[in-house]
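# Fold and geometry: a report
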Amino acid sequence: MDTIASTTAERPAASASPSAAPILKVSNIESYYGPIMAIRGVSLEVPRGQIVTVLGANGAGKTTILKTISGVLDPLKGTIEFEGQPIQRLDADRIVRMGLSHVPEGREVFPFLSVRENLMMGAYTRRDRRAIPGDLERIYSYFPRLKERLEQPAGQLSGGEQQMLSLSRALMNRPKLLLLDEPSLGLSPLLVKEIFGIVKRVNAEEGVSILLVEQNARMALELAHYGYVIEVGRIVMADTCERLMASKDIQEFYLGAKDESARGERRWKRKKTWR
Amino acid sequence: MLDFIQQLVSGVALGCVYGLIALGVVLIYKTTEVVNFAQGDLMMLGGFFAYTFIGILGLNYWLGFALAVAAMALVGMLVERLLVRPILGFPQFAIVMATIGLGFFLRSIAGMIWGTDDLKIDTPFSNGVVKFGDLVLADDKLSVIVATLILCLVLYLFFNKTRLGTAMRGTSENMLAAYYMGIPVKRVVSLVWAISAMVAACAGVLLAPITFIHSNVGLALGLASFPAAVLGGFGSIPGAVVGGIIIGVLQTLAGFYMAEGWKSVFPYIILLGVLLLKPEGLFGALGRKKV
Ligand SMILES: Nc1ncnc2c1ncn2[C@@H]1O[C@H](COP(=O)(O)OP(=O)(O)OP(=O)(O)O)[C@@H](O)[C@H]1O
Ligand SMILES: [Mg+2]
């Protein structure tokens, strides 16, 4: 198990080829909400074609990292390189145009637009308008349920269907890198499996690189190649998912200790060992 | 009976003007949550631009109309960029004061440039009438009604059938999601102001043959359009137009059949009534689906 401080200079071990440049390289970013520092010097990489996951408790700063990458939030310090280009100062719409799509926490569909219109909004920045019908067909093959509800307002979909829509909408941008923020939130185990299955296919069949934030650590670690653990705005661990799963700390704090009352106490002590 | 129909048509025409102003207010409110109290003064400015192009420069009516509308699109974008964008995120009170201040500013600027005399332009609709037997209807009033219908149809098609229009609806429903889709939100907001100012300009030019062009013409009409927006549910574009027409008709009939003075307070009586009895407006529940 690697134990690292606030920097991760070394390349992820599972990188397809060590010489290939990562599609995303985040170096020492700091982001604030007003005066509150939400992430403190976070660095991470997503190798091209891989799935990387970020684990962490509520309020650790996972969403903030994704928002900072997609340009909804500007970092005060640090750099973000997407395909070798610095993007930390770009507006969100420019970043989407470059092929980086963000599936936000809580779906964020357009409630009164129809499902079809939501999907078309996902393709808003696309130049190759002719290819859009084909992409829609592919989305329907992933989620046949969406096809049945095309003319319905998205606000009338169930939570699970909205999550499918949110993911599909992002795919309509034909992203090279997909940021996924807790796609399993509030879904039944069966639906989580379905969504994760599609994520895996998107990665394997379309070669889309993925940065996945999840509370469901087991699913995330099984799906991803590489993982980071974040606590109170700092990255405290980074390793391949196999090794993370084997780690005692991860098993105890993220894969579920049974004894809830003892857990809080031990957790407090154990946390110290990571620093 | 003939009187009644004539009053009805006048009322609908006046109501269309209210509706067009209210439509702009609603459009801006839905996308940016800014309540623009200067919408009536934007309409007034549109009238003065038309006067400049048609009355002073002697251009063809339709060309002058188009130029006035285009110029107002620029004004709308300027207002958004210079006044609204910098204060976005301030308390609602500050924003309201800013748009009220903008109204004062526009009125005094117009007074300084074009003076305080009543101005008039020649339009194809000035002084003409259409006769149906004994019923005589003025062209200028009919033109307002027809133009409002056309404008509503164009806006409907734009918001429902085009990519940009759909993106505007999306932005007004969920601005954060619009950012995630790569929709250039700032440009979209700027265009919403442009469209609102253009609609106001249309109202201003259409109104020119009915009232005079004067720097205060937007004040009363602008204020009276708020009851229209509220009646329509303050969020629905069809609601704003229907609300405007209802208020225009009731006000005109009140002016004709009731004592002097009722006419000008009537919109506010309706406003209070709506707020007390049906605060969500006629289109409240359904209206949120539309822009
Ligand atoms: N809009 C905001 N304004 C102020 N503080 C915020 C805001 N959003 C998040 N924070 C704070 O920033 C910190 C990180 O929040 P963030 O949303 O990134 O956590 P998270 O890891 O995504 O949590 P969760 O698992 O609950 O989604 C938290 O302490 C949170 O309280
Ligand atoms: Mg989060």
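Anyway, here's the lowdown on the structure attached to this text. In this text the structure is predicted, and so the values were computed from the model without any measurement.

## Digging into the site of ligand 1
Residue and element names in this part refer to chain A. Near ligand 1 there are 13 residues, and of these Lys62, Thr63, Thr64, Glu105 and Gln215 occur at the shortest range. Between ligand 1 and the protein, one listed contact pairs an oxygen atom with a side-chain N or O atom of Lys62 at 2.6 Å. A distance of 2.4 Å is found between an oxygen atom of ligand 1 and a side-chain nitrogen or oxygen belonging to Thr64. Expressed as a share of its isolated accessible area of 640 Å², the protein-covered part of ligand 1 is 62%. A total of three residues in the shell around ligand 1 trace back to one element, the largest contributor, which is helix 1 (residues 62–70). The residue inventory of the shell around ligand 1, partitioned by class, reads four nonpolar, six polar and three charged.

## Describing the pairing of strand 1 (residues 24–33) of chain A
All names here are of chain A. Direction of pairing for strand 1 relative to strand 2 (residues 36–46): antiparallel, over a ladder of seven bridges. In the strand pairing of strand 2, Tyr32 is matched with Met37. Taken together, strand 1 and the strand that follows it, strand 2, pair antiparallel across an intervening segment of two residues, in which Gly34 is found at a positive phi of about 60°. Relative to strand 4 (residues 77–82), strand 1 is paired through five bridges, and the arrangement is antiparallel. Following the sheet pairing, Lys25 is matched in strand 4 by Glu81.

## Regarding helix 8 (residues 185–207) of chain B
Helix length check: helix 8 of chain B, at 23 residues, gives a terminal C-alpha distance of 33 Å against a target of 33 Å (1.5 Å per residue), a fit within 8%. Summarising burial for helix 8 of chain B: 19 of the 23 residues are buried, a large majority.

## Looking at the sheet that holds strand 5 (residues 85–86) of chain A
All names here are of chain A. Strand order across the open sheet formed by four strands is 2-1-4-5, with antiparallel pairing between neighbours. On the outer flanks of this sheet lie strand 2 and strand 5, each paired with one strand and no other. In the packing of helix 1 onto the sheet, contacts are made with strand 1, strand 2 and strand 4, and the angle to strand 1 comes to roughly 110°.

## Let's talk about a positive patch on the surface
Taken together, the side chains of A:Arg94, A:Arg97, A:Arg127, B:Arg163 and B:Arg187 define a basic patch exposed on the protein surface. Its location among the elements puts A:Arg94 in helix 2 (residues 92–97).

## Some points on the packing of aromatic side chains
Enumeration according to the criterion identifies 12 aromatic pairs over all chains in this entry. Pairing A:Tyr226 with A:Tyr228 gives two aromatic rings, centres 5.4 Å apart and planes at 65°, and the pair type is edge-to-face. Both residues of the pair, A:Tyr226 and A:Tyr228, count as buried. Plain terms: the ring middles of B:Tyr61 and B:Phe125 are 6.1 Å apart, the flat faces sit at 85° to each other, and that makes the pair edge-to-face. Taken together, the positions of B:Tyr61 in helix 3 (residues 61–87) and B:Phe125 in the loop between helix 4 (92–114) and strand 1 (129–132) put the pair 64 residues apart, joining distant regions of the chain. Neither residue differs from the other here; B:Tyr61 and B:Phe125 are each classed as buried. An aromatic cluster is defined as three or more aromatic residues linked by ring pairs; in this entry it consists of B:Tyr61, B:Trp62, B:Phe65 and B:Phe125. Taking the ring centre of B:Phe104 as reference, the NZ or CZ of B:Arg107 above it sits at 4.7 Å. For the cation-ring pair, B:Arg163 lies above A:Tyr124, with the distance from its terminal atom to the ring centre recorded as 4.7 Å.

About the cut-offs
- Residues numbered from 1 in each chain as written.
- Chains lettered and ligands numbered in written order.
- Predicted model: local features only at pLDDT ≥ 70, side-chain atom pairs only at ≥ 80, totals over all residues.
- Heavy atoms only, no water.
- Near = heavy atom within 4 Å.
- Polar contact = N/O pair within 3.5 Å; in protein donor to acceptor, adjacent residues only side chain to side chain.
- Areas by Shrake-Rupley, 256 points an atom, 1.4 Å probe, with all protein chains shown as cover.
- Helix = DSSP H or I, 4+ residues; strand = E, 2+ residues; numbered from the N terminus.
- Nonpolar A, V, L, I, M, F, W, Y, C, P; charged D, E, K, R; others polar.
- Pairing = 2+ DSSP bridges.
- Expected span 1.5 Å × (residues − 1).
- Buried < 20%, exposed > 50% of the residue type's maximum accessible area, 1.4 Å probe, protein only.
- Contact = heavy atoms within 4.5 Å.
- Axes fitted to C-alpha atoms, helices over the stretch in contact; angles between N-to-C directions.
- Patch = residues over 30% accessible without salt bridge, like charges linked within 9 Å, V, L, I, M, F, W, Y side chains within 5 Å.
- Salt bridge = Lys/Arg side-chain N within 4 Å of Asp/Glu carboxyl O.
- Lys, Arg positive; Asp, Glu negative; His and termini not counted.
- Charge placed at Lys NZ, Arg CZ, Asp CG, Glu CD.
- Phe/Tyr/Trp six-rings, centres within 6.5 Å; stacked < 30°, edge-to-face > 60°.
- Lys NZ or Arg CZ within 6 Å of the ring centre and 35° of its normal.

Don't take any of this as a statement about function, it's just geometry.
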